[in-house]
Amino acid sequence: DGRNERKIFSCPQPFRISDNKFSPDGKSIAFATGQSENQANEFSLMEVEIESGNAREATAEKFFDIKSFIWLPEKRGFLLTGSKIPNRSFRIWQVPFGEEKAKALTKDSEDYATLSIDKNFKLIAATQVKSDFRLLLFDLENPSRKQILTEAESAVFSPDGKIVFN
């Protein structure tokens, strides 16, 4: 009903908290925290005990950014969508609780955003985000007349009037 509200954890700027989830036993909350402004792998998963407010790193593994995560059964670890520099793709990672190394479960060039797991912990649903970059050619006299040339992220006209793109 909104009573008994209390702050459990906060962090100073430029650090931020992204996703958060109650633990399977309901005694703690895990959350992703860090910052991405300096282009380094400084995002991590933290766990805070609800009663005491004591916070600690849930894993030593660091990421450039973490979008979403889910707990694995019996607090064995997490599945998360995160990116690591130098690769900026948001992959699905399995992250054991504690000091063990994270393992990338996807290695394709697509980005993954959110995760969900079924009650039997056998199936994962993931949202895959596909970029939609297109090279369009517009007629300045009639902007509604546009032509899609190809997929591209950026383009420029060369001195000889050709379009160079990537």
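Refer to the preceding data block for the structure.
First things first, this report covers the structure right here in the doc. Predicted model only: the values in this text are computed from it and were never measured.

Attention shifts here to the overall build of the protein. Scanning the protein from N- to C-terminus turns up zero helices and 14 strands. In sequence order, the secondary structure elements of the protein are arranged as β-β-β-β-β-β-β-β-β-β-β-β-β-β. The C-alpha radius of gyration of the protein comes to 21 Å, more than 25% above the 15 Å expected for a compact globule of 166 residues. Burial status across the protein gives 34% buried among its 166 residues.

All right, on to the environment of Leu137 then. Relative to the helices and strands, Leu137 resides in strand β11 (residues 134–139). Judged by its relative accessible area of 32%, Leu137 falls in the partly exposed class. The spatial distance from the C-alpha of Leu137 to the C-alpha of Glu5 is 55 Å, given a sequence separation of 132 residues. Setting aside chain neighbours within four positions, we find Leu137 in contact with Arg145, Lys146, Gln147, Leu149, Phe157 and Ile163.

Pairing is antiparallel across the open sheet formed by four strands, whose spatial order is β1-β2-β3-β4. Only two strands of the sheet have a single partner each, and these edge strands are β1 (16–22) and β4 (55–57). Direction aside, the axes of adjacent strands within the sheet are offset by 30° on average. Alignment of β1 against strand β2 (residues 28–34), held across five bridges, turns out to be antiparallel. Note that in β2 the partner of Ile17 across the bridge is Thr33.

On to the sheet that holds strand β5 (residues 65–71). Across the sheet, which stays open at both edges, the four strands sit in the order β5-β6-β7-β8 with antiparallel pairing between neighbours. A single partner strand is all that each edge strand has here, and the edge strands are β5 and β8 (103–104).

Attention now moves to the nonpolar core. By size, the foremost hydrophobic cluster in this structure holds 15 residues, and its most contacted members are Leu45, Phe63, Ile66, Phe69, Phe78, Leu80 and Trp93. Elements represented by at least two residues in this core include exactly β2, β5, β6 (77–84) and β7 (87–96). Here this core takes three residues from β5, the largest share from any one element. Apart from residues lying up to four places away in sequence, Leu45 is in contact with Phe31, Ala32, Glu57, Ala58, Thr59, Ile66, Phe69, Phe78 and Leu80.

Moving on, we get to the side chain of Ser28. Among the secondary structure elements, Ser28 is positioned in strand β2. Apart from residues no more than four positions distant in its own chain, Ser28 is found in contact with Lys21, Phe22, Ser23, Glu47, Val48, Glu49, Ile50, Trp71 and Lys75.

Scanning the model with the defined rule gives six aromatic pairs in all. Ring plane angle 45° and centroid distance 4.7 Å describe the contact between Phe9 and Phe31, whose orientation is recorded as tilted. Taken together, the residues span a long stretch of sequence, with Phe9 in the segment before β1 and Phe31 in strand β2 at a distance of 22 residues. Between the aromatic rings of Phe63 and Trp93, the centroid separation amounts to 5.3 Å while the plane-to-plane angle is 75°, which identifies the pairing as edge-to-face. Within this pair, whereas Phe63 is found in the loop between β4 and β5, its partner Trp93 is found in strand β7, the two being separated by 30 residues in sequence. Grouping residues by exposure puts Phe63 and Trp93 together as buried. Joined through ring pairs, the aromatic side chains of Phe69, Trp71, Phe78 and Phe97 make up one cluster. Here the basic side chain of Lys21 rests over the ring of Phe69, its NZ or CZ set 5.3 Å away from the ring centre. The cationic tip of Lys84 hangs over the ring face of Phe63; the distance from NZ or CZ to the ring centre is 5.0 Å.

The rules behind these values
- The numbers attached to residues start from 1 for each chain and follow its sequence in the written order.
- This being a predicted model, a pLDDT of at least 70 is required before a residue's local features are given, and a value of 80 or more before pairs of side-chain atoms are given or counted; all residues contribute to the totals for chains, interfaces and linings.
- To get the side-chain values, take all heavy atoms of the structure and skip hydrogens and water.
- Helix and strand definitions here come from DSSP, where helices need a minimum of 4 consecutive H or I residues and strands a minimum of 2 consecutive E residues; each element is numbered from the N-terminal end.
- Radius of gyration means the value over C-alpha atoms here, while the globule rule gives 2.2 Å times the residue count to the 0.38 power.
- We call a residue buried when its accessible area falls under 20% of the maximum for its residue type, exposed when it is over 50%, and partly exposed in between, using a 1.4 Å probe and counting protein chains only.
- In this description, contact between two residues means that some pair of their heavy atoms is separated by no more than 4.5 Å.
- Any two strands with at least two DSSP-identified bridges between them are counted as paired.
- All axes here are fitted lines through C-alpha atoms, helices being fitted over the stretch that makes contact, and every angle between N-to-C directions spans 0 to 180 degrees.
- Buried residues of nine kinds, namely Ala, Val, Leu, Ile, Met, Phe, Trp, Tyr and Cys, make up a nonpolar core once their side-chain atoms join them within 4.5 Å.
- Each pair of aromatic rings taken from Phe, Tyr and Trp, with Trp reduced to its six-membered ring, is defined by centres within 6.5 Å and is described as stacked if the planes are under 30 degrees apart, edge-to-face if over 60, and tilted in the remaining cases.
- Charge-over-ring placement is defined geometrically: NZ (Lys) or CZ (Arg) within 6 Å of the ring centre, and within 35 degrees of the ring normal.

Read these as layout, nothing more, since geometry by itself doesn't imply function.
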